[in-house]
Amino acid sequence: MKKLNTALASVVVAGAMTAVATPAAARDTISIVGSSTVYPFATVVAERFGRSSDFPTPKLESTGSGGGMKLFCQGVGTQNPDITNASRRMKPSEFKLCQNNGVEEITEFRIGSDGIVIASSQDAENLDISLEQLFLALAEKVPSDDGSELVMNPNQTWSDVDSSLPDAKIRVMGPPPTSGTRDAFVELGMQGGCEEMPIFANMEEEAMEEACHSIREDGAFVEAGENDNLIVQKLMGDTEAYGIFGYSFLEENRGKLQAAVINGKKPTVENIAKDDYPIARSLWFYVKQAHIGVVPGIQEYVAEFTSAGAMGPNGYLKDVGLIVPTRDQLMELAKKAEAMPSMTGNEL
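Residues numbered from 1 in each chain as written. Predicted model: local features only at pLDDT ≥ 70, side-chain atom pairs only at ≥ 80, totals over all residues. Heavy atoms only, no water.

1. Considerations on the pairing of strand β10 (residues 242-246)
Side-chain positions along a regular strand alternate between the two faces of the sheet. Stated precisely, the cut-off is as follows: Working definition: with a 1.4 Å probe on protein chains only, accessible area under 20% of the residue-type maximum means buried, over 50% means exposed, and in between means partly exposed. What counts as a helix is a DSSP run of H or I of at least four residues, what counts as a strand is a run of E of at least two, and both are numbered from the N terminus. At least two DSSP bridges between two strands are needed for those strands to be called paired.
With respect to burial, β10 is a largely interior element, 5 of its 5 residues being buried. Pairing geometry for strand β4 (residues 106-121) and β10, over 4 bridges, is antiparallel. In the sheet register, A119 faces β10, and the bridge partner there is G243. Bridge analysis of strand β8 (residues 172-174) against β10 gives 2 bridges, and the strand direction is parallel. For M173, the partnering residue across the bridge sits in β10 and is G243.

Set out below in structure tokens:
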């Protein structure tokens, strides 16, 4: 009996070791998380990849840029995602989290540009607004009438901000703090507006950033979740609301939605690509190198995403609203997809 128990124990231990040594058996489909803005582009690539290759169609989840980074940086192993999409660059703190959790070798890809729009129904009164006016409409605290201190935002209508704006209640739907779109909006839009006001010029950098990035919570700004399509749907049925999301969602709904003019600039492909539109940002994805060769198809998927057929001047991603890289940038992307260099953290 003792020999039998010993043999059984050996089988159990050997089975456990086999399970640890062969993590590839746990998953044969690429797992991608992250930005809701990059999601539609990555979905098109994934579907093409699934149809044209011998690999399964990758599984995508729209978790928001911040949520995707947390999942991506949890560790190495097939229980964790292989790739995360982001509508802003990885933060130094996120890179450190990855390193601390053993996700040491990461390749970064900048895949193009996008603008953040403030959109409304075609039947609504469109906005022609400056960044300063936008800040005064949505900030938690704004300068007092004499400009000597910050007070809780008293502006209830757009015309309270400026008489040239609509005489309608301020109501803007936008993404939550976990979203890269939200990060880009506060950094480019809100901070861009508050930096023009004298009261912020003498503030310490940390205090200024906190004041510039704080969005009001009295109902004028409504967090509408990570799914930008829900904001689009609500705008179509509500002519008194405005919504914040990426340019690609505006492109998908041309004829149904219109976009605000900001600082005299319309969100067009040309203006966004040239950085003439004030709320433009870059789009990214990050690859966990430790999963290459473990989960099949990762490098092949990256090659498809960075190919001329996808991101070239006549590529299929341009057709769905991505503002594609220049020819030189595309050539560099192709080289990176082949070499898969590791980030050092110094580039952040």
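2. Re the state of the cysteines
Heads up, the condition is: Defined by distance alone, a disulfide is two cysteine sulfur atoms within 2.5 Å.
Applying the stated criterion across every chain yields a total of 2 disulfides. Covalently, C73 is tied to C98 through a disulfide, its sulfur atoms 2.0 Å apart. Across the disulfide from C73 to C98, rotation about the S-S bond amounts to roughly -75 degrees, and the bridge is consequently left-handed. Placement of C73 in the loop between α3 (65-72) and β3 (83-86) and of C98 in helix α4 (residues 92-100) is noted, with a sequence separation of 25 residues between them. The two residues C73 and C98 agree in class, both being buried. Disulfide pairing places C194 opposite C212 at an S-S distance of 1.8 Å. Where C194 bonds to C212 through sulfur, the torsion about that S-S bond is close to 90 degrees, and the disulfide is right-handed. Of the two residues, C194 is situated in helix α7 (residues 180-194) and C212 in helix α9 (residues 205-213); the sequence distance between them amounts to 18 residues. We classify C194 as buried; its relative accessible area is 0%. The class of C212 is buried, set by a relative accessible area of 0%.

What is shown is where atoms sit, not what they do.
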